[in-house]
Structure formats: C-alpha cells, structure tokens
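One letter stands for each residue in the lines below.
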Amino acid sequence: MTLSPEQRVNELRKAINEHNYAYYVLDEPSVPDAEYDRLLRELQALEQEHPELISSDSPTQRVGAKVETSFEKVEHLRPMLSLDNVFNDDELNAFSKRVNERLVTSDPVAYVCEPKLDGSAVSLIYEEGKLVKAATRGDGRVGEDITANVRTIKNVPLTLRGDFPKLVEVRGEVFMPKQSFEEHNALARESGEKVFANPRNAAAGSLRQKDPSISAKRNLSIYVYSLGLAEGIELANSHYQRLLQIKEWGLPICPEIKCVNGINETLKYYHSILDKRNDLPYEIDGVVYKVDSIDAQEKLGFVARAPRWAIAHKFPAQEEITTLEKVEFQVGRTGAITPVARLTPVFVGGVTVSNATLHNMDEIKRLDVHQGDTVIIRRAGDVIPQVVSVVLERRPENASSVEMPTHCPVCDSPVEREADQAIYRCTGGLFCSAQRKESVKHFASRKAMDIDGLGDKLVEQLSEAEVIKSLADLYRLTQEQLESMERMGEKSASNLIAAIEKSKSTTFGKFIYALGIREVGEVTAQTLANELKTIEQLTQATEEQLLELSDIGPVVAHHIVSFFDNDENVKIIEDLIELGVHWPAIVEKSADEMPLKGKTIVLTGTFETMSRNVAKEKLVELGAKVSGSVSSKTSVVYAGPGAGSKLKKAQDLNIPVEDEEALLKVIS
Ligand code: 5U1
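These numbers were taken from a predicted model, which means no experiment stands behind them.

**Observations concerning the packing of helix H1 (residues 5-25) against helix H2 (residues 33-49)**
Right, so step 1: Where H1 meets H2, the axes come as close as 10 Å, and the angle between the chain directions of the two elements is 145 degrees. Here H1 runs over H2; the crossing is left-handed. Each of Pro5, Arg8, Val9, Leu12, Arg13, Ala15, Ile16, His19 and Asn20 in H1 lies in contact with H2, whose residues at this interface are Tyr36, Leu39, Leu40, Glu42, Leu43, Leu46 and Glu47.

Laid out in structure tokens, this is it:
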C-alpha cells in the first residue's frame, strides 16, 4: 500500500521522534546515524514539496525566525523556587535534623540525589503534548520567553510521547557540555569573538540570542529535574517516580540521579559524584538532595522562596578571586612567547594555584588585565587555570599595563609578531636556551626518538649545566656527565645511555617529526618521508616541490624550507647522522604492497590486541595516512571501546566506522 504524502510525513515524524527519545533520553541509539539522517532528509524533502504539511512541532522546524523585539515576559504557572546551600557536613547534618524534626520521625528519610548542573534554569510548558513556551527563571515568578532558542536544543522534545498530561510545566537546567564550551572558546579566541567565562555564562548567553540559528550552533543540552504544574494525570507520591514519569514523556533526566535512604547515604553520593566531577561531560557545582515523598515535601513547606525539603550541597569552588602580581613571558619550542600570570596563591578547584595562562596579547587586551589587578581565576578539572575577568573596581593606582618585551626574556634576541597572528616569537631559534630545552624534550618524546628515561626535569638540568647545547649533544652524553646530575644513580645513568643508543635506530618519518619543524606533526612527517624518501631530497626541496605533495599547504611548505635554509639546523642533522642516527631506506613499494594508498584513517578508543601506535605503524606501512582528527576527507574510522568525540564526529559526517576485528583483517 502506498502512503499519501501526509501519511508518510506523519510516519516519518513519529519514527524520528522515537529515535530522538532512544538517543537523547534513553541513551540507547536505535538506528545508525546514517539511517536517522536519511529519515530526516526524506521528511525535509516532503515538507519542501508539500509546504502545507509543515507544522511547528515537526523535527525539521527547530530553528525559527529571529526575535525582533526584546524577550517577552512570561508568568510561570507555579513559582520557580531557589535552593538553599550547605558547604560542609555540619551544615548538612543540621538540614537533616530539621527535616526529621518537622516530619516528627527519627527514621532515615528517603532522599533523591541529583548533580547540580552549572547552567541556566528554564521552565518548559507543554499543552496537549506540544512545546508551547520556554522561559528563563527571572525573579522566580516572571521570566522571559526564550521559546525560539530552547526549540533549537536537540534533546528538548517538541512533542511529548506516551501518556503525557494535558498541560504540564517542567523545570530543568540548560547547559553547554564542557567539550562544546572549550571548542567554542578556542574558536572565539582565534577569530576575536566573544569568549565565555564559564559554561554557565555560555548557556545563559546562548539562550538570550535574538537569532535562534546562533543558539542552534551552540550545542546546548537540557536535563529536567522537577515538575511545576501537571493537569489531567495521576502523579506518583515520590519525586523519584515522578522523574521516571517525566522521562517516559520523552524529557531527558540526568543519568546520575539516585534515590538513597538517610543523610549518611547522601554524603556517600556527594563523594562519589565529586570523584567523578572531572570525568562528567558537563560542569556541576554540587549535588542536590530532595526529600522523596511528595506528602513529606508538602508537610515541610517553604521558607521564603526555598523549599525546606531540598538542599544544594556545594562542591569546592572552581572560581576564586586573587591578585595578579605580575605577568611573565614563557618561550616555547617554536619560539612562541606566552604571557603567564603569576598570582598570589589561592585554593581553587581542589588545588593551590599560583600561575594562570593568559594565552596571548590579544587575550590580555580583551581582559584589560594589568599587573596588580584583582582577578577572578578559574580552574575546572584538568584544564590549565585561566584568568576569567578583572575586578575593575579594585584596580590599585599603581597597577601597570602589560607590554610584550621587544627582546626575548631568555636569550635577548629580537621578538617579532607575524602578520595577522596573535602570537609573538623569539627569533633566536636554537640559539635560545628555552627553545633548545623544549626542542630536546620534543626530540626525546615517545612519538619522536622515544628516549626512555630522559624526562623533562633532566633535560632542564642538562641544558642549564650546558652539557646539552644542541640535539646532537644528546648522543655525546657520557655516563660520568649523567651521574653528576641530581638524583641520577649509576644504574639510571647506564639505563639512559642504553636508551639513547637504542634510539639511534629509528624511521625516517620519526626522525623528521623529531626535528620539531613548525607545523610538521607526525602525519606530515610521515608524508614527507614516504614521498621524498631521503634526507637529501628533503633538505633541498623547494616550496613548489613541497606543495605538490599530498596535504602540504603553503604555510607548512614555507616552514620546512626556512628550517633547512638555516645552516645550524643542517649542521645538527649532519652531526646526528655522523653520531649514528639511522633509519632503513625507504624503497618504492609496489601497488600490491600499498593497498591502503590514498586512504586516510582515524583510530579512536582502545583496542584489545594492540596499542593505537602499533596499529598506526602497520597502517602507514600499508600506505595509509593515519590522521588524528576526523574530517570529510577521512576514509574510515576504526573505533575501539571508549571512543568519544571522534566517533561522534564520524557519525555526524557519515564516515564509515569499523571495529577492531575489521582493523585486524586490514592489517593482516
Ligand atoms: N538538580 C537540580 N538542580 N536544581 C535546581 N535540582 C534542582 N532543583 C531546584 C533547583 C533550583 O529547585 C527545586 C527546589 C525544584
């Protein structure tokens, strides 16, 4: 039986909504992304052909027109409450005592424990199962209409499913996942756009965009945590059961929510979530406990606008206030000069922080930061501490502006800024001891010459003692020189000498990578090795010749030629070879031996039978290019367990994804 366009449109919408539910609410994708995309495209095509069938709750209609005026006021159907906080065990015990006293019980009370997301609280209203209004919290009674922006959030259902109430108002937190926040800020820093201080501001700012197509790009998400009003439905007498009902209607709830018995159990929950905090994909600033029984909640009532039946147990702060004493400049391997804030030490995010990155001079200008300023710093998870903002009202009279030095703070060579770039560089090259140290660290690193036992601290000592002045000096090191270094015994010195000796036998690709030529990563180094084959060809290649090679653009070509134009660099290479560094000749392989030629492969996750590095070497031997990131040029992604954003991106781009078994077949 053939369906009419209207029937097919309805069928497609139903299927897409069910797939959304499986993906966003149950976290159990029911179809491959390619199939989902096909359904969505078919629906888009049908709606284009039959515009009369378009309805605002269609999954194709998330992004609407711009908001022309200011955001309209919306009165909440039920007030949006706030939460009282506790910061330690004593305050928590006092809360629990008050609850038990008011409920006139000494039995342990059942609590629902939830992560407290660091985002923006919103209220959603569904009438007859359709999303009709979304509002900010505002003053708790009246908020602002942000429906157009909330509709663009992919895990907000535009229609409810199952046995939903006729009218329902739910509350939840809209947040920007950590990864999206980092990616947004990295791009914004590059393009000079607005950088968000933290994921909370990112969520709030994105919800107040006048153009919903901008919010749609911000990759926001929501978890619903409570019910405002619900009409025409029987509700459970338990907050936890109500959350499960909400989930049945298709609204996403946080997977970390748990029901426990008694306040001691809430403390265990607090510590388990605190331990996980850095691994969660979203930012949280604590956990919330709510008395589970709705009857008990009603008995407990409210004080002002906060309920007596709920409390937020806050985590140690990730933002703190301190003084920026001065700005110093660090020199990296390629001479890039990075301003670093030296701070009055402050305890934040669980550690004492005394330095924060300032990225570059554009960032200093953006923040308008002066030496002596009071600043807010943020340390979230493993991310390097950042200066978020300056407290201008507290700027002292003697605060001094930050200027980029005209000469390198380490070697005194002139500092230059490249046209159109935010980065300043020391022009000293390997004359600069800071660049030398960083070059040695890079040269010895695992993916380069892989010198086991030559750690950063030892490189610093050897460089400062002027035992290593060039990369070649590594191969001139003696047992005695090593033993004279701090914390170096006879055994570790001889182990290191053996490791240095072993590293002499390498591959051409690794050797090129180890040289640390700007913009030449592992993949480019391997391309250069495969295509140019000898060091003579490489050192003599012109920019035009390099541009002929696959994936070498003008910037990289320029850096390669400049590197070999420098006589000192050429001399170091000659010395390294004379001291015994060698690699097997690259012989032209037949097409049969290079079955993967022309293929770009990405490896992600962990494999059971081999490390990613070993897999990569084998694939490269077979002619593949193995890249670290997924793009439209990727031929296939091999994904093992634990694969994350690369797998997601491959699925988004419709790139074939295979498992370890398929990888083994290709390699063998
Ligand atoms: N997880 C969670 N966050 N949060 C915030 N639950 C929760 N409950 C809140 C708020 C303001 O208010 C309740 C009292 C409904």
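**Some details on the pairing of strand E14 (residues 319-331)**
Right, so step 1: Pairing of E14 with strand E17 (residues 374-378), which is carried by five bridges, proceeds in the antiparallel orientation. In the sheet register, glutamate 319 faces E17, and the bridge partner there is arginine 378.
Right, so step 2: Alignment of E14 against strand E15 (residues 336-348), held across seven bridges, turns out to be antiparallel. In the strand pairing of E15, glutamate 328 is matched with valine 340.
Right, so step 3: Connecting E14 to the antiparallel partner E15 that follows it, the hairpin turn spans four residues, and glycine 335 within it adopts a positive phi of roughly 90 degrees.

**A closer look at the pattern of salt bridges**
Oppositely charged side chains are able to pair whenever their charged atoms sit close together.
Right, so step 1: Counted according to the given criterion, the structure contains 38 salt bridges.
Right, so step 2: A salt bridge links arginine 161 to glutamate 18; the nearest nitrogen and oxygen atoms lie 3.2 Å apart. On the criterion of sequence distance, the pair formed by arginine 161 in the loop between helix H4 (147-150) and strand E7 (167-175) and glutamate 18 in helix H1 is long-range, its members being 143 residues apart.
Right, so step 3: Here glutamate 18 falls in the partly exposed class, since its relative accessible area comes to 34%.
Right, so step 4: The shortest N-O distance in the salt bridge between lysine 116 and aspartate 285 comes to 3.7 Å. A residue pair is termed long-range when its members are at least 10 positions apart, and lysine 116 in strand E3 (residues 110-117) and aspartate 285 in strand E10 (residues 284-291) qualify at 169 residues.

**Quick word on the pairing of strand E5 (residues 130-136)**
Right, so step 1: Judged from the six bridges that link them, strand E4 (residues 120-127) and E5 form a sheet pairing that is antiparallel. Opposite leucine 124, over in E5, you have alanine 134 as the bridge partner.
Right, so step 2: The hairpin turn running from E4 into E5, its antiparallel successor, is two residues long, and glutamate 128 in that turn takes a positive phi close to 50 degrees.

**Considering the nonpolar core**
Right, so step 1: In terms of nonpolar packing, the biggest core is built from 61 residues, with Tyr111, Leu124, Ile246 and Tyr289 touching the most fellow members.
Right, so step 2: Take this core: its biggest share by element is five residues, from helix H9 (residues 263-276).
Right, so step 3: In contact with isoleucine 246, not counting residues within four places along its chain, are Val170, Val224, Ser226, Leu227, Leu251 and Ile253.
Right, so step 4: If you look at the next biggest cluster of nonpolar residues, it comprises 53 residues, including Ala472, Ile500, Ala529 and Val561.

**Points about the site of the ligand**
Right, so step 1: In the vicinity of the ligand, the contacting residues are Leu81, Leu83, Glu114, Pro115, Tyr225, Ser226, Val288, Lys290, Pro307 and Trp309.
Right, so step 2: Taking glutamate 114, its side chain carries an N or O atom lying 2.8 Å from a nitrogen atom of the ligand.
Right, so step 3: Contacts to the ligand include proline 115, whose backbone N or O atom sits 3.1 Å from a nitrogen atom.
Right, so step 4: Summarising the interface, the protein chains cover 89% of the accessible area of the ligand, which totals 380 Å² for the free molecule.
Right, so step 5: Within the residue set of the shell around the ligand, elements represented by two or more residues are E3, strand E8 (221-231) and E10.

**A short note on the packing of aromatic side chains**
Right, so step 1: Counted by the stated rule, this structure contains 10 aromatic pairs.
Right, so step 2: Arranged with centres 4.9 Å apart and planes meeting at 80 degrees, the rings of tyrosine 23 and tyrosine 24 form a pair that is edge-to-face.
Right, so step 3: Residue tyrosine 24 is classed as partly exposed on the basis of its relative accessible area of 27%.
Right, so step 4: On the basis of an interplanar angle of 45 degrees and a centroid distance of 6.2 Å, the ring pair of phenylalanine 95 and tyrosine 111 is categorised as tilted. Note that phenylalanine 95 is positioned in helix H3 (residues 89-102) and tyrosine 111 in strand E3, a separation of 16 residues in sequence.
Right, so step 5: We classify phenylalanine 95 as buried; its relative accessible area is 2%.
Right, so step 6: Classification of tyrosine 111 as buried rests on a relative accessible area of 1%.

**Section: the sheet that holds strand E23 (residues 636-639)**
Right, so step 1: On the basis of which strands lie adjacent, the open sheet formed by four strands has the order E22-E21-E23-E24 and parallel pairing. The open sheet has two edge strands, strand E22 (625-627) and strand E24 (657-658), and neither has a second partner.
Right, so step 2: The pairing of strand E21 (residues 600-604) with E23 spans four bridges and is classified as parallel. By the bridge assignment for E23, leucine 603 is matched with tyrosine 638.
Right, so step 3: Packed onto the sheet, helix H22 (residues 612-621) meets E21 and E22 and runs at close to 170 degrees relative to E21.
Right, so step 4: Sheet strands in contact with helix H23 (residues 645-652) are E21, E23 and E24, and its direction is about 135 degrees off that of E21.

**Structural notes on the sheet that holds E7**
Right, so step 1: The strand order across the open sheet built from four strands is E5-E4-E7-E8, with neighbouring strands paired in antiparallel fashion. Edge positions in the sheet fall to E5 and E8, since each of these pairs with one other strand and no more. Recorded for the sheet is a direction-independent mean angle of 25 degrees between the axes of neighbouring strands.
Right, so step 2: In this structure, E7 lies alongside E8, joined through eight bridges in antiparallel fashion. Following the sheet pairing, glycine 172 is matched in E8 by valine 224.
Right, so step 3: Its contacts with the sheet place helix H6 (residues 199-207) against E4 and E7, and it is angled at close to 40 degrees to E4.
Right, so step 4: In this fold helix H8 (residues 239-248) packs onto E7 and E8, with an angle of close to 105 degrees to the strand it touches most, E8.

**Looking at H6**
Right, so step 1: The complete set of buried residues in H6 reads Pro199, Ala202, Ala203, Ser206 and Leu207. Summarising the axial view, the buried residues of H6 lie within an arc of 120 degrees, below the 170-degree limit, and thus occupy one face.
Right, so step 2: For H6, the elements touching its buried residues are E4, H4, E7, helix H5 (178-191), helix H7 (212-217) and E17.

**Details of the domain arrangement of the protein**
Right, so step 1: Parsing the protein into structural domains produces domain 1 (5-61), domain 2 (84-314), domain 3 (319-417), domain 4 (429-578) and domain 5 (591-667).
Right, so step 2: Distance from the C-alpha centre of domain 2 to the C-alpha centre of domain 3: 35 Å.
Right, so step 3: Each side of the interface is counted separately: domain 2 has eight residues, and domain 3 has 11 residues.
Right, so step 4: Note on domain 2 versus domain 3: buried area summed over both sides is about 740 Å², and carbon and sulfur give 42% of it.
Right, so step 5: Looking at the side of domain 2 facing domain 3, the largest losses of area belong to Arg189, Ala197 and Asn278, adding up to 53% of the total buried there.
Right, so step 6: Counting across the interface, domain 2 meets domain 3 through two salt bridges.
Right, so step 7: Taking the shortest distance from any N to any O, the salt bridge between glutamate 363 and arginine 189 comes out at 3.3 Å.
Right, so step 8: Where domain 2 touches domain 3, the interface holds three residue pairs in polar contact (both at pLDDT 80 or more).
Right, so step 9: The class makeup of the residues in the side of domain 2 that touches domain 3 is three nonpolar, two polar and three charged.

**What to know about the side chain of threonine 266**
Right, so step 1: With respect to the helices, strands and loops of the structure, threonine 266 is situated in helix H9.
Right, so step 2: Its relative accessible area of 0% is what places threonine 266 among the buried residues.
Right, so step 3: Aside from chain neighbours lying at most four places away, what touches threonine 266 is Leu92, Tyr111, Cys113, Val260 and Tyr289.

Parameters at a glance
- Residues numbered from 1 in each chain as written.
- Predicted model: local features only at pLDDT ≥ 70, side-chain atom pairs only at ≥ 80, totals over all residues.
- Heavy atoms only, no water.
- Axes fitted to C-alpha atoms, helices over the stretch in contact; angles between N-to-C directions.
- Helix = DSSP H or I, 4+ residues; strand = E, 2+ residues; numbered from the N terminus.
- Left-handed = near helix turned anticlockwise from the far one by under 90°.
- Contact = heavy atoms within 4.5 Å.
- Pairing = 2+ DSSP bridges.
- Salt bridge = Lys/Arg side-chain N within 4 Å of Asp/Glu carboxyl O.
- Buried < 20%, exposed > 50% of the residue type's maximum accessible area, 1.4 Å probe, protein only.
- Core = buried A, V, L, I, M, F, W, Y, C linked by side-chain atoms within 4.5 Å.
- Near = heavy atom within 4 Å.
- Polar contact = N/O pair within 3.5 Å; in protein donor to acceptor, adjacent residues only side chain to side chain.
- Areas by Shrake-Rupley, 256 points an atom, 1.4 Å probe, with all protein chains shown as cover.
- Phe/Tyr/Trp six-rings, centres within 6.5 Å; stacked < 30°, edge-to-face > 60°.
- Arc of directions from axis to C-beta.
- Domains from an automatic or database assignment.
- Buried area = accessible area lost by both parts, 1.4 Å probe.
- Nonpolar A, V, L, I, M, F, W, Y, C, P; charged D, E, K, R; others polar.

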